[in-house]
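# Breakdown of the fold
The primary structure of each chain is shown beneath.
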Amino acid sequence: MVDINDVFAKFLDIAVNSRGALPPNKYGASTEPDNELAVAPLSDAKLDRLRISALRVGLGRDFLVVDGSSRSFSTHSFKFFITGVAGYGVGSPVITYPESPVGRFVNVDWGFAGLKAPLDVLRAVEGDGLLSRFIRVRSLEGGYFIDYDDGVVSDEVRMGLETRFIDSLMINKLIGSSLLIIDGPIYLAMKERKRLTDMRVEVINRLGDAGVPTIGIVKRVDGSGKLCRKSVIDLVKNYVKSFDMDLVNCNDAAFMHRLGQVFSVGLGEALVLGPFKISAVSGKLSDYFTEDRVFWYVHTGLGPGVFRVETLESIYRKYADLIEDSVLWLVGNVDGAGMPYVIDVADYYAKAVTRSLYLRFYQLSFIRGLKPTYDTIQELSRVLGEEGAQA
C-alpha cells in the first residue's frame, strides 16, 4: 500500500518550486438547469400526511450507505481538493477509501484528490507515475481543471470516487443483496458532468441487474426547482383547496415548507409527495440527459426537514415496491434535523477520512513554508472543531 504522506510530500515539493499562480476564480453553475427538465406525476403520485412513530416499515434486506466527503486546501498558487468515501450498513463493516483509521480499506482505481494549479505544476503531476494515480488534474471531459470552476472540480473528483468505490465494492462482493443508498443525487444532468454521469448510471444499472437497487438522498434542495411547476401544483390541489406558490421565485425547500404550513405539520409528522418522473425536454439538455429519474419529496416537522429521494426510472420499474417501502423507512428513521439517520452515520465516517488526510496535508505544507489562504484557515478551524479531530 502506498503511503499517502509520500504522495502529499512529492506533490508539495513540486508546488513549492512553481512560480506560477492561479487566475481569478471562475464561477459556474453547480445545479441542474431545472427549466430544461420536465416533471410529471406518475399515475400513483399522491400527497400523504404521516405520523412518524406509526410507521412500521421494514426493508426485508440489508442496506449499505455510501457517502463522499471533500475539502479544499488553497494557497495563492494552487487549490487542492481532498476527497474520501465511506460505506456503512447493516451486515458489513465500515469500508473506506483512501486508507483511514476508521474503517476497512478497499482499493479504488480513481484519484482521491483534484488539483487546480499553473500548467507547469499540472503537467509535472500528470507526468509522474505515482502522483497521477492519486491526483486528478483533468476533467473526464478532457480539459485541465484550471479551466473549470471549483464546484465542478470538487464534484467530479468526489462523485467519480463514489462511483468507482461502489464498483470496487461490487467487484469485491461487499454489497451482497443490499439496498444501496447514496448520499446525494443519483446523477446531475449537466454538460460538464456528462461522462461522470454515464459512468455512474452504468454502475447503477449493473447493480440493478445483479439484484441491488440504488436510491439517492438529496438534503440540499433550496437550489433546486423541480417542484416549482404547474403539474405539481395541480396534484397538490387535489388535497388542499387553496395552495398558491410564486413559481418564478420558488425552490423545492420553500415549496415543501409552504405545504407544511398549509397542513400545520407538527413534530412527529411528515408529508410525502410523489412519485414524479423527471425527464429532459427537447433542447440542449437532452444531449446530456442520461436517463429519466423518479423522485419523492419529504417534509418533516423537525429542523430543516426537507429532502428528496430519487432513483433511475428503470430501477423503480424493476423494484417499485422496495423503493416505495424505502421512502417510508427513511421517513420513519429521521434524526433531530428531520434527515435520515443512516446518512448521518455514513457522513461521520466519510468526514473522518478526509479530516485525517486534510490534517496530514496541512502539516506537510506548513513544513514547506506554503501560506494558506484565509478560507483555508477557516476550513482548518472547522476541521479541528469536528468530533474526533486531533491537532
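For the structure itself, consult the block above.
My aim in this report is to walk through the structure given alongside it, one point at a time.

What follows covers unusual backbone geometry. The step from tyrosine 97 to proline 98 runs through a cis peptide bond, and the omega angle for that step is -5 degrees. Looking at the element boundaries, proline 98 is found in the loop between β4 (92-97) and β5 (104-105). Between glycine 274 and the following residue, proline 275, the backbone shows a cis peptide bond with an omega angle of 5 degrees. By the element assignment, proline 275 lies in strand β10 (residues 269-280). Positive phi, close to 55 degrees, is recorded for lysine 173, a residue that is not glycine. Looking at where lysine 173 falls in the secondary structure, it is placed in the loop between α4 (150-171) and β8 (179-183).

Among the nonpolar cores identified, the biggest contains 56 residues, and Phe11, Phe78, Phe80, Leu115 and Ile135 are the most heavily contacted of them. Apart from the residues within four sequence positions on either side, phenylalanine 80 is in contact with Phe8, Phe11, Arg71, Ser72, Phe73, Ala113, Gly114, Leu115, Ile135 and Phe361. Counting residues in each nonpolar core, the second largest holds 40 residues, with Ile186, Ile323, Met339 and Ala346 among its members.

It is worth spelling out the packing of aromatic side chains at this point. Summed over the entire model, instances satisfying the criterion amount to 21 aromatic pairs. Plain terms: the ring middles of phenylalanine 8 and phenylalanine 112 are 6.0 Å apart, the flat faces sit at 65 degrees to each other, and that makes the pair edge-to-face. Of the two residues, phenylalanine 8 is situated in helix α1 (residues 4-16) and phenylalanine 112 in the loop between β5 and β6 (113-116); the sequence distance between them amounts to 104 residues. Among the aromatic side chains, those forming a connected cluster through ring pairs are Phe8, Phe11, Phe73, Phe78, Phe80, Phe112, Phe134, Tyr358, Phe361 and Tyr362. Its guanidinium or amino end placed over the ring of tryptophan 110, arginine 136 lies 3.7 Å from that ring's centre, counting from NZ or CZ. Residue placement shows arginine 293 over the ring face of tyrosine 187; its charged tip is 4.4 Å from the ring centre.

Okay, the side chain of threonine 300 next. Position of threonine 300 among the secondary structure elements: in strand β11 (residues 293-300). The buried category is assigned to threonine 300, whose relative accessible area is 1%. Ignoring sequence-local partners within four residues, the contact set of threonine 300 consists of Ile52, Val265, Glu269, Ala270, Gly305, Val334 and Gly338.

A few words now on the pairing of β6. The side-chain alternation of β6 yields two buried faces, one formed by Ala113 and Leu115 and the other by Gly114 and Lys116. In this structure, strand β3 (residues 79-89) lies alongside β6, joined through four bridges in antiparallel fashion. Residue lysine 79 lies in a different strand from β6, and its bridge partner there is lysine 116. Here β6 runs beside strand β7 (residues 135-136); their pairing, made up of two bridges, is parallel. Each residue of the ladder has a partner; that of glycine 114, found in β7, is arginine 136.

We now examine the environment of proline 33. Secondary-structure assignment places proline 33 in the loop between α1 and β1 (37-51). Take proline 33: its relative accessible area is 23%, and that puts it in the partly exposed class. As for proline 33 and arginine 293, which are separated by 260 residues in sequence, their C-alpha atoms are 15 Å apart.

Our next topic: helix α11 (residues 374-385). In this model α11 runs 17 Å from its N-terminal to its C-terminal C-alpha over twelve residues, within 8% of the 16 Å that 1.5 Å per residue would give. Burial in α11 covers these residues: Thr376, Glu379, Leu380 and Val383. For α11, the angular spread of buried residues about the axis comes to 105 degrees, placing them on one side. Across from the buried face of α11, at angles greater than 90 degrees, the exposed residues are Tyr374 and Gly385. In this structure, the buried side of α11 is in contact with β2 (63-74) and α10 (341-367).

This part is about the pattern of salt bridges. For the structure shown, the criterion picks out 29 salt bridges. The salt bridge partner of aspartate 209 is lysine 318, with a shortest N-O separation of 3.0 Å. Highlighted residues: aspartate 209 in helix α5 (residues 194-209) and lysine 318 in helix α8 (residues 313-318), separated in sequence by 109 residues. Taking the relative accessible area as the measure of exposure, aspartate 209 reaches 61% and is therefore exposed. Residue aspartate 234 pairs with lysine 230 through a salt bridge whose shortest N-O separation is 2.8 Å. Of this pair, aspartate 234 and lysine 230 both sit in helix α6 (residues 230-236), four residues apart, which is roughly one turn of the helix. Here the salt bridges do not stand alone but share partners, grouping Arg71, Arg355, Glu379, Arg382 and Glu386 into one network.

About the cut-offs
- Residues numbered from 1 in each chain as written.
- Predicted model: local features only at pLDDT ≥ 70, side-chain atom pairs only at ≥ 80, totals over all residues.
- Heavy atoms only, no water.
- Helix = DSSP H or I, 4+ residues; strand = E, 2+ residues; numbered from the N terminus.
- Core = buried A, V, L, I, M, F, W, Y, C linked by side-chain atoms within 4.5 Å.
- Buried < 20%, exposed > 50% of the residue type's maximum accessible area, 1.4 Å probe, protein only.
- Contact = heavy atoms within 4.5 Å.
- Phe/Tyr/Trp six-rings, centres within 6.5 Å; stacked < 30°, edge-to-face > 60°.
- Lys NZ or Arg CZ within 6 Å of the ring centre and 35° of its normal.
- Pairing = 2+ DSSP bridges.
- Expected span 1.5 Å × (residues − 1).
- Arc of directions from axis to C-beta.
- Salt bridge = Lys/Arg side-chain N within 4 Å of Asp/Glu carboxyl O.

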